[in-house]
Amino acid sequence: MDPNETPEPRSNNSRVLLWVALVLVLLGINGVLFYLNQQKGQQNEVLTTEVKAKDSKLQEQIKQYEALKADFERQSSELQALGLSNDSLVAKISAVNADLLKLRSFKAGSFSIAQQSLFKQRAQNLEGQLRKKDDDIAQLKKDNETLYTETSTLKERQNKLSDTISTVVRSNKELSEKVTVASRLQADNIHVAIITSKNKEKDDDKEEFKAKRVEKLKITANFARNDVSPKETKAVYLRILEPDGAALYNLSTGGGTFTVDGQEAFYTQKQDVVYDNSRQKLEFVYAKGAEYKKGLHTVEMYESGQLMGKTTFTLK
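Calculation notes
- Residues numbered from 1 in each chain as written.
- Predicted model: local features only at pLDDT ≥ 70, side-chain atom pairs only at ≥ 80, totals over all residues.
- Heavy atoms only, no water.
- Helix = DSSP H or I, 4+ residues; strand = E, 2+ residues; numbered from the N terminus.
- Buried < 20%, exposed > 50% of the residue type's maximum accessible area, 1.4 Å probe, protein only.
- Contact = heavy atoms within 4.5 Å.
- Areas by Shrake-Rupley, 256 points an atom, 1.4 Å probe, with all protein chains shown as cover.
- Pairing = 2+ DSSP bridges.
- Core = buried A, V, L, I, M, F, W, Y, C linked by side-chain atoms within 4.5 Å.
- Salt bridge = Lys/Arg side-chain N within 4 Å of Asp/Glu carboxyl O.
- Patch = residues over 30% accessible without salt bridge, like charges linked within 9 Å, V, L, I, M, F, W, Y side chains within 5 Å.

**Student:** Which residues make up the overall build of the protein, and what are the values?
**Tutor:** A count of helical and extended segments in the protein gives three helices and eleven strands. Mapped from its N terminus to its C terminus, the protein presents α and β elements in the order α-α-α-β-β-β-β-β-β-β-β-β-β-β. Taken across its 316 residues, the protein has 28% of its residues classed as buried. Within the protein, contacts between residues at least 6 apart in sequence are counted, and of these 66% link residues at least 24 apart. Counting every atom, the protein has about 21,500 Å² of accessible surface; 52% of that belongs to carbon and sulfur.

**Student:** Describe in detail the sheet that holds strand 10 (residues 295–303), supporting the description with residues and values.
**Tutor:** Spatially, 3-11-10-5-8 is the arrangement adopted by the five strands of the open sheet, whose pairing is mixed. The strands lining the two open edges of the sheet, one partner per strand, are strand 3 (208–209) and strand 8 (269–274). Two strands pair when backbone bridges link them, and strand 3 and strand 11 (residues 306–315) are joined in this way by two bridges, in the parallel orientation. By the bridge assignment for strand 11, Glu-208 is matched with Thr-314.

**Student:** Mind laying out the nonpolar core, listing which residues take part and the relevant values?
**Tutor:** If you look at the biggest cluster of nonpolar residues, it comprises 27 residues, and the most contacted ones within it are Leu-217, Ile-219, Phe-223, Ile-240, Met-301 and Met-308. Secondary-structure elements contributing two or more residues to this core are strand 1 (187–195), strand 4 (216–223), strand 5 (233–241), strand 9 (281–286), strand 10 and strand 11. Leu-79, Leu-89, Ala-123 and Leu-130 belong to the second largest nonpolar core, which has 18 residues in total.

**Student:** So, the side chain of Ser-229: which residues are in play, and what are the values?
**Tutor:** Relative to the assigned elements, Ser-229 resides in the loop between strand 4 and strand 5. Residue contacts for Ser-229: discarding those within four places in its chain leaves Ser-183, Leu-185, Lys-234 and Tyr-275.

**Student:** Which residues make up the sheet that holds strand 9, and what values do they have?
**Tutor:** Within the open sheet, the four strands sit side by side as 2-1-4-9. Their pairing is antiparallel. The sheet terminates laterally at strand 2 (201–202) and strand 9, the two strands that pair on one side only. Pairing geometry for strand 1 and strand 2, over two bridges, is antiparallel. If you follow Ile-195 over to strand 2, its bridge partner there is Glu-201.

**Student:** Residues and numbers for the pattern of salt bridges, please.
**Tutor:** Side-chain pairing between opposite charges can occur once the charged atoms of the two side chains come close. Summed over the entire model, instances satisfying the criterion amount to 18 salt bridges. Arg-74 is the partner of Glu-78 in a salt bridge, and the nearest nitrogen-oxygen pair spans 3.4 Å. Of this pair, Glu-78 and Arg-74 both sit in helix 1 (residues 8–81), four residues apart, roughly one helical turn. The class of Arg-74 is partly exposed, set by a relative accessible area of 30%. The partner of Glu-156 in a salt bridge is Lys-160, and the shortest N-O contact between them spans 3.7 Å. In this pair, Glu-156 and Lys-160 both sit in helix 3 (residues 113–182), four residues apart, roughly one turn of the helix. Its relative accessible area of 46% is what places Glu-156 among the partly exposed residues. Salt bridges sharing partners connect three or more residues here, namely Asp-71, Arg-74, Glu-78, Asp-134 and Lys-141.

**Student:** Talk me through a nonpolar patch on the surface; I want residue IDs and the actual numbers.
**Tutor:** Nonpolar side chains collect at one region of the surface, where Trp-19, Leu-22, Val-25, Leu-26, Ile-29, Val-32, Leu-33 and Leu-36 lie side by side and expose about 770 Å² of accessible area between them. The topology assignment puts Leu-22 in helix 1.

**Student:** Describe the pairing of strand 5, naming the residues involved and giving the relevant values.
**Tutor:** In terms of residue burial, strand 5 counts as a mostly covered element, since seven of its nine residues are buried. Alignment of strand 5 against strand 8, held across six bridges, turns out to be antiparallel. Paired with Tyr-237 across the strands is Lys-270, a residue of strand 8. Here strand 5 pairs with strand 10 via six bridges, running antiparallel. The residue bridging Leu-238 from the neighbouring strand is Met-301, located in strand 10.

Structure (structure tokens):
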């Protein structure tokens, strides 16, 4: 054998073995990589499932707190409708708002089991307080309805009583007015005579006299019977009206002013008489102190501003 010749068969076998080993190594590496990828995929699926579960719990918790907030706000509105306020409800709404801000600040998958337990327990406590407050509000509404019914009944009774009182007052007023009218005194038989300068009294059925003969006027009358008017001192006013309608008036002869129908008027004379319902006689004697006017004169008698009666006489 030529020493310079290379043994080709052995060399070829070595190469084949080398390639086979290389292939086996590559296959092993691929197998390991495939296994590792499988494991990582499974881990990712587990992590994704855990994140989804946490997010689901987080969303449920957010909805629960949103519902709690809405219920507390509803309770606050119901109390306001009842005319009440409650600082504790305001504080609870603020606390729920703060919890909602915290819950919404959690990132995906960061809502831990401990946090879930904490917020769940707080939500349960708040729900218990919510139910108790609902019971209290329901009782308040019931009490308010009862009070409203009692108030309505009382108001109805008050209205009826007011109507009754108004009726009584109206009846009393009407009765008082009737009594006032009935108690007005009347003058009967008003008669005019004259007294001459010779102090002689002259009568005339027609009550017509010569003016130049009149020195004084004498007016007489009787109280009409009246069982309603109280027996007491009565102020009786005499008015003698001249033909032009002016009242004979002189302070020196007992004249003055009084009120008739809300207006001030002059009177000729006044007498205070103790009325005893015995048809007492009234008598006035008036001296003008000057010549009397000719024409139709009017005589009026008043008591308490009310006309008792009147008559006329003529001076020629």
